[in-house]
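# Structure assessment
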Amino acid sequence: GFNVHFAKMGDDLSVAPGQTVLAAALAKGMRLPASCTRGVCGTCKTKLLEGKVDMQHEGGIRQREVDQGFFLPCCSKPLSDLVVDR
Ligand code: FES
């Protein structure tokens, strides 16, 4: 798995292979904004400061936002260690 560092919270999270960032965070009891949990609503949208993800969203983010570095933790699996702006 990969490590996710939450820059503002100062917390670290281990994400198992095949697990989304949000699922791992919720399993650990972290409180992150989320609603649909499947890439539709955009509630979980977060800036990715470092690293790469495999994001399979359902319209909850615009390409322009992806270009600006945002991602949806509910439908993204890490492809590297990550640093996120939370
Ligand atoms: Fe709805 Fe992530 S919780 S897009």
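Residues numbered from 1 in each chain as written. Predicted model: local features only at pLDDT ≥ 70, side-chain atom pairs only at ≥ 80, totals over all residues. Heavy atoms only, no water.

### Some words on the overall build of the protein
Helix and strand counts for the protein come out as two helices and seven strands. Mapped in sequence order, the helices and strands of the protein form the string β-β-α-β-β-α-β-β-β. The C-alpha radius of gyration of the protein comes to 11 Å, within 12% of the 12 Å expected for a compact globule of 86 residues. Projecting the C-alpha coordinates of the protein onto the three principal axes gives extents of approximately 25 × 25 × 25 Å. (Helix = DSSP H or I, 4+ residues; strand = E, 2+ residues; numbered from the N terminus. Rg over C-alpha atoms; globule rule 2.2 N^0.38 Å.)

### Some details on the sheet that holds strand β1 (residues 2–6)
Taken together, the five strands give an open sheet; going across it, the order is β2-β1-β7-β3-β5, and neighbouring strands pair in mixed fashion. The open sheet has two edge strands with one neighbour each: β2 (11–15) and β5 (70–71). Both β1 and β2 contribute to a ladder of five bridges, which runs antiparallel. Each residue of the ladder has a partner; that of His5, found in β2, is Asp12. (Pairing = 2+ DSSP bridges.)

### Observations regarding the nonpolar core
Within the largest apolar cluster, 21 residues are counted, with the highest numbers of intra-cluster contacts made by Val4 and Leu13. The element that contributes the greatest number of residues to this core is helix α1 (residues 21–27), accounting for four residues. Apart from the residues lying within four places of it in its own chain, the contact partners of Val4 are Asp11, Asp12, Leu13, Val15, Val21, Pro78, Leu82 and Val84. (Core = buried A, V, L, I, M, F, W, Y, C linked by side-chain atoms within 4.5 Å. Buried < 20%, exposed > 50% of the residue type's maximum accessible area, 1.4 Å probe, protein only. Contact = heavy atoms within 4.5 Å.)

### Some remarks on the confidence of the model for the protein
Averaged over every residue, the pLDDT of the protein is 98; residues scoring 70 or more account for 100%. Per the prediction output, this complex has pTM 0.97; the corresponding ipTM is 0.99. (pLDDT = per-residue confidence, 0-100.)

### Quick word on the pairing of strand β3 (residues 46–50)
Sheet analysis places β3 next to β5, joined by two bridges and oriented antiparallel. The residue of β5 that forms the bridge with Lys47 is Phe70. Across two bridges, the pairing between β3 and strand β7 (residues 82–84) is antiparallel. Counterpart to Leu48 in the pairing with β7 is Val84.

### A closer look at the environment of Ala24
The residue Ala24 is located in helix α1 in this model. You can call Ala24 buried: its relative accessible area is 4%. In sequence terms Ala24 and Cys74 are 50 residues apart; their C-alpha atoms lie 9.6 Å from each other. Beyond its immediate chain neighbours, meaning those up to four positions away, Ala24 contacts Leu13, Ser14, Val15 and Gln19.

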